[in-house]
Amino acid sequence: MNKIFLIFLFTFLSFLFSICFSFMTFSQETENEQPQVEDSTSLEQQQDDAPPQLDEILDNKETQKENPSSSTESTDSSQSDAADETGTTDETIVRISKVKIKGAKVVTKTQIEQVIGTEFPSIRFWVKKPPFDEEVLKDDMVRIQRLYANNGYYDTKATYETKYNKDETRVEITINIEEGEPVILTDIDLRFEGDLSDDIKEQIRKAIPLEVDKTFSPNGYQQTKGVISEILANNGFPKSEIEGEALVNRREKWARAKFVVKPGLIYKFGVMKVEGTVDVANYIIEREAEFKEGETFSLSKINETQANVFQLGLFRSVVIDPVYDDDKQIADVAIVVKERKQGSIKVGGGFGTEDKLRGQLIWTQRNFFGGGRRLEVSGKASFITQRIETTVIQPFILGKNSELSGTLNFQRDDVPSFKGRSFLTTAALTKDFWKYYSVFGSLNLQFSNVEDSATRTPEERSRENFFLTYINLGFERDTTDNVLNPTRGTVISTGLESSFRALGSDVNYLKGTVELRGYKKYRSIVFAKKFTIGVIQPFGETQTLDVPIFKRFFAGGSTSMRGFPFQKLGPLDDNNDPLGGNSLLVGSFEVRYPIYGDFGGVAFFDYGNVYTEEWSFPLERLKYAPGLGLRYDTIIGPVRFDVGYALNPEPGIRRIQFFISIGQAF
């Protein structure tokens, strides 16, 4: 068992190294550019309280960030000169081996890392440790104090300790922070000038981040002004003025804030003009607009329109500029686009415990014969599945956020339950609405030849060819914050598949599934849960065992019940091959937590089973599997290594299972 574990661990680490090396050039994060807001009334008392020489230090850091090439050249040059004069080499430079931060509760380690000049060492062992500069570290203490002051903690103290190794080539840094007490906001004076409805005033009062009897901070003060301006801009007042001032008493730890809101003129949308198109028709852009001429101006509708146009995938850039006519109080809209190359080829590859090596090649032709439609031809192959697929997608078939697609699919499967070939053609319609909701429906024709499968009876063994005509209907509500790695929100999805002999199908059945997923983040820990239930109901002349094996439910593997091998949760034949079933009940609970840098850990508990009979869910036959996992974040999602332990496995199934894959389990 130890030998197997070491083999899997070595494979996982090697895979991590290859992933990091392959995508290293794409994994650099750019700094978030913060918009600068000019304030006519400055926080004079806060500025007077700032530590001396702080502005000079921060300005110097900003200059270095804005001119990285020049500062790097200067540093390299000075180091080179020093090396020439003294004969020293890079090996004599003191490098940072570790940075610890103690006492930080109000702000996160990431926030501190973003504002200081001292570089944190990478967890990647092949990346050289950053050089140590104690003068920069001294200035960092002031930067940390300013960070806390911007969050309402004006008396924060930041100090550091250094610990060198024997030959003084490595240093560990410990930053100690005493946060102190925050300044509390005792009063907000919010005044409105001009003609504003009571609804807008109430909306502003509820939305501003500053609250009486809560911590006052310059960040919250500026955010309040921004929130008010945004609300007004979304209600027809794009040229509002927000005057504000704040009085801060550091000694007694209180603050008062005052805001005067001047909404200005109210505007309506004027004409829309599209520029920059060459091959794409203007109406494809115009139909994505969230506004109409004559409607009250709204900045949020401008932003939504920009997102809609960009998501068409036809343009490299989309810029929308309102042009204001103060006399007519009209905002004309200019949409300027730059088209991208309409043809592209994407090559990808990966590795997983279940399908081993896998690869794909996708050719996409956008704006295929005009109309914004898209053609995709893809080939995907792994050790268990090979597929060639052609899809044509027509957007805007039922208005915004809708599309009609037609697909031809040739596929060969070699999974534990069966080996076979199939041809599938599908016509599908999808529609998104109300931001979080979507519905879909499809008509499918499938011909499958089963060459070898797990069977229970001679009758099952004699069935090799199947022709199915079936309809799929589905509904989904998704409020999660991230597709690849969700941390908040819920997903509710339902599906109904129906096959009828009256439509030429070989079998009659109804197949329904319901899946619930939820994610909640507390500090840096994510709690995730999933529950899935499904039933296949044969009817007419079709009996329980007549449902084709490739349509039955299966469970077990890296995304479902990790205490069992792929597809091997549930009924098995005499050769321990999975038979599938007509009833499914599986669930999982995970606790996801950070370890260090891009590494994270997971503790999970999976449960469930697959049952032969429809509407059969005997709870006493549920299987259980706790386990632990390791995650490493990459630009294509987290690389995942899980170890599951089956508490009550079936005979012939090992208790411990190992899985390597990409992406969260759910």
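About the cut-offs
Residues numbered from 1 in each chain as written. Predicted model: local features only at pLDDT ≥ 70, side-chain atom pairs only at ≥ 80, totals over all residues. Heavy atoms only, no water. Helix = DSSP H or I, 4+ residues; strand = E, 2+ residues; numbered from the N terminus. Buried < 20%, exposed > 50% of the residue type's maximum accessible area, 1.4 Å probe, protein only. Contact = heavy atoms within 4.5 Å. Areas by Shrake-Rupley, 256 points an atom, 1.4 Å probe, with all protein chains shown as cover. Axes fitted to C-alpha atoms, helices over the stretch in contact; angles between N-to-C directions. Parallel < 35°, antiparallel > 145°, perpendicular 65-115°, else oblique. Left-handed = near helix turned anticlockwise from the far one by under 90°. Nonpolar A, V, L, I, M, F, W, Y, C, P; charged D, E, K, R; others polar. Patch = residues over 30% accessible without salt bridge, like charges linked within 9 Å, V, L, I, M, F, W, Y side chains within 5 Å. Salt bridge = Lys/Arg side-chain N within 4 Å of Asp/Glu carboxyl O. Pairing = 2+ DSSP bridges. Lys, Arg positive; Asp, Glu negative; His and termini not counted. Charge placed at Lys NZ, Arg CZ, Asp CG, Glu CD. Expected span 1.5 Å × (residues − 1). Polar contact = N/O pair within 3.5 Å; in protein donor to acceptor, adjacent residues only side chain to side chain. pLDDT = per-residue confidence, 0-100. Phe/Tyr/Trp six-rings, centres within 6.5 Å; stacked < 30°, edge-to-face > 60°. Lys NZ or Arg CZ within 6 Å of the ring centre and 35° of its normal. 1 Å grid on protein atoms, 1.4 Å probe; cavity = no way out; pocket = protein on both sides within 12 Å on 5 of 7 lines; lining within 4 Å. Points joined across faces, edges and corners; volume = space filled by probe spheres on them.

Student: When you look at the overall build of the protein chain in this model, what are you seeing that I'm missing?
Tutor: Helix and strand counts for the protein chain stand at 11 helices and 25 strands. For the protein chain, the proportion of its 666 residues judged to be buried stands at 39%. Here the analysis covers contacts within the protein chain between residues at least 6 apart in sequence; of these, 60% occur between residues at least 24 apart. Per element, the accessible surface of the protein chain, about 36500 Å² overall, is 52% carbon and sulfur.

Student: Even after reading the chapter, I still don't get the packing of helix 7 (residues 198-207) against helix 8 (residues 218-233), so can you show me in this structure?
Tutor: When two helices pack together, their arrangement is captured by the angle between the axes and the distance separating the axes. The interhelical angle for the contact between helix 7 and helix 8, taken along N-to-C directions, is 150°, at an axis separation of 10 Å. One finds that helix 7 runs roughly antiparallel with respect to helix 8. Regarding helix 7 and helix 8, the two cross each other, and that crossing is right-handed. Facing Ile 200, Gln 203, Ile 204 and Ala 207 of helix 7, the residues of helix 8 in contact are Val 227, Ile 228, Ile 231 and Leu 232. A class-by-class count of the residues in the contact of helix 7 with helix 8 yields seven nonpolar, one polar and no charged.

Student: I tried to follow a nonpolar patch on the surface on my own but got confused; where do I start?
Tutor: On the surface, Tyr 522, Phe 527, Phe 589, Phe 605, Tyr 645 and Leu 647 cluster together into a nonpolar patch covering about 570 Å² of accessible area. If you trace the backbone, Tyr 522 turns up in strand 19 (residues 509-522). Take Tyr 522: its relative accessible area is 51%, and that puts it in the exposed class.

Student: Would you mind showing me how to read the environment of Val 415 here?
Tutor: With respect to the element layout, Val 415 can be found in the loop between strand 14 (402-414) and strand 15 (418-433). Relative accessible area serves as the criterion here: at 11%, Val 415 is assigned to the buried category. Between the C-alpha atoms of Val 415 and Ile 384, which are 31 residues apart in sequence, the distance is 5.6 Å. Dropping the residues within four chain positions of it, Val 415 is found in contact with Ile 384, Phe 566 and Gln 567.

Student: Where do I start with the pairing of strand 25 (residues 656-662) in this structure?
Tutor: Two faces make up the sheet, and in a regular strand the side chains alternate between them. Burial analysis of strand 25 places five of its seven residues in the buried class, which makes it a mostly covered element. Pairing of strand 24 (residues 639-645) with strand 25, which is carried by seven bridges, proceeds in the antiparallel orientation. When the bridges of strand 25 are listed, Tyr 645 appears paired with Ile 656.

Student: Would you mind showing me how to read a positive patch on the surface here?
Tutor: A cluster of like positive charges, contributed by Lys 98, Lys 100, Lys 102 and Lys 163, occupies part of the molecular surface. Among the elements that take part in the positive patch, strand 1 (residues 95-102) stands out by supplying three residues, more than any other. Judged by its relative accessible area of 36%, Lys 100 falls in the partly exposed class.

Student: Can you walk me through the pairing of strand 24 in this structure?
Tutor: Within strand 24, five of the seven residues are buried, which leaves it mostly tucked inside the rest of the structure. As paired strands, strand 23 (residues 623-632) and strand 24 are joined by six bridges and run antiparallel to one another. Paired with Gly 627 across the bridge in strand 24 is Gly 644. What sits between the antiparallel neighbours strand 23 and strand 24 is a turn of six residues, in which Gly 637 has the positive phi angle 110°.

Student: For this particular structure, what's the right way to read helix 6 (residues 134-150)?
Tutor: Since the α-helix turns once every 3.6 residues, residues separated by three or four places project in the same direction. Helix length check: helix 6, at 17 residues, gives a terminal C-alpha distance of 25 Å against a target of 24 Å (1.5 Å per residue), a fit within 8%. Where helix 6 begins, the side chain of Asp 133 points an oxygen toward the backbone nitrogen of Glu 135, at a separation of 3.0 Å. Where helix 6 ends, the next residue or the one after it, Gly 152, has phi of about 95°, a positive value.

Student: What is the right way to read the sheet that holds strand 8 (residues 315-325) from this model?
Tutor: The strand order 7-9-8 describes an open sheet built from three strands, whose pairing is mixed. Taken across any chain shown, the strands that pair with only one partner, and hence form the sheet edges, are strand 7 (268-275) and strand 8. Averaged over all neighbouring strand pairs, the angle between strand axes comes to 20°, with direction disregarded. On top of the sheet, helix 10 (residues 299-310) reaches strand 7, strand 8 and strand 9 (330-339); it is set at about 155° to strand 8, its chief contact.

Student: What is the right way to look at the confidence of the model for the protein chain in this model?
Tutor: Regions with low pLDDT carry predicted coordinates that are not meant to be interpreted in detail. Counting all residues, the mean pLDDT for the protein chain is 86, and 86% of those residues have values of 70 or more. Ignoring residues within four places in sequence, the model shows residues 1-10, a span with pLDDT below 50, making seven contacts including any to other chains. Every residue in residues 12-89 is under pLDDT 50, and counting partners more than four places away or in other chains gives 69 contacts.

Student: Even after reading the chapter, I still don't get the environment of Leu 628, so can you show me in this structure?
Tutor: Note on placement: Leu 628 falls in strand 23. Since its relative accessible area comes to 53%, Leu 628 is described here as exposed. Sequence separation between Leu 628 and Phe 604 is 24 residues; the distance between their C-alpha atoms is 6.2 Å. Those residues in contact with Leu 628 that sit more than four places away from it in its chain are Val 602, Ala 603, Phe 604, Phe 641, Asp 642 and Val 643.

Student: What is the right way to look at the side chain of Arg 287 in this model?
Tutor: Structurally, Arg 287 is set in the loop between helix 9 (282-286) and helix 10. A distance of 3.4 Å separates a polar atom in the side chain of Arg 287 from the backbone oxygen of Gly 371.

Student: I tried to follow the packing of aromatic side chains on my own but got confused; where do I start?
Tutor: In this description, an aromatic ring pair is defined by two values, namely the gap between the centres and the angle between the planes. One pass over the full model with this rule turns up 21 aromatic pairs. Judged by centre distance (5.8 Å) and plane angle (55°), the rings of Phe 500 and Phe 539 are tilted. Residue Phe 500 is located in the loop between strand 18 (489-499) and strand 19, and its partner Phe 539 is located in the loop between strand 20 (525-538) and strand 21 (583-596); the two are separated by 39 residues in the primary sequence. By relative accessible area, which is 28% here, Phe 500 ends up partly exposed. Under the relative-accessibility criterion, Phe 539 is labelled partly exposed at 29%. An aromatic cluster of at least three residues, connected via ring pairs, comprises Tyr 267, Phe 269, Phe 291, Phe 297 and Tyr 324. The ring centre of Phe 604 lies 3.8 Å from the NZ or CZ of Arg 562, which sits over that ring.

Student: Just to check I follow, could you spell out the sheet that holds strand 6 (residues 254-262) for this structure?
Tutor: The pairing of strands in a sheet comes from backbone hydrogen bonds and takes either a parallel or an antiparallel form. Taken together, three strands build an open sheet; the order of strands is 4-6-5 and the sheet is mixed. With one partner strand each, in any of the chains shown, strand 4 (184-192) and strand 5 (241-249) form the two edges of the open sheet. Adjacent strand axes in the sheet meet at a mean angle of 10°, parallel and antiparallel pairs treated alike. Pairing geometry for strand 4 and strand 6, over eight bridges, is parallel. For Arg 191, the partnering residue across the bridge sits in strand 6 and is Val 260.

Student: Whenever I open this one, empty space enclosed by the protein confuses me. Can you help?
Tutor: Vacant regions in the atomic arrangement are exposed by a probe of water-molecule size rolled over the atoms. On inspection of all chains with the given rule, the structure shows two cavities of 30 Å³ or more. Empty space within the largest cavity amounts to approximately 100 Å³. As for the largest cavity, its lining consists of 13 residues, and the residues nearest its centre are Ser 453, Glu 460, Phe 466, Ile 549 and Arg 552. When grouped by side-chain class, the residues that make up the lining of the largest cavity number seven nonpolar, two polar and four charged. Approximately 50 Å³ is the volume attributed to the second largest cavity. If you trace the second largest cavity, you find it lined by Lys 530, Thr 559, Ser 560, Met 561, Arg 562, Val 586, Gly 587, Ser 588, Asp 606, Tyr 607, Ala 665 and Phe 666. For the lining of the second largest cavity, the secondary-structure elements that each account for two or more residues are strand 21 and strand 22 (599-611). With three residues, strand 21 is the largest single contributor of residues to the lining of the second largest cavity. Residue classes in the lining of the second largest cavity are distributed as five nonpolar, four polar and three charged.

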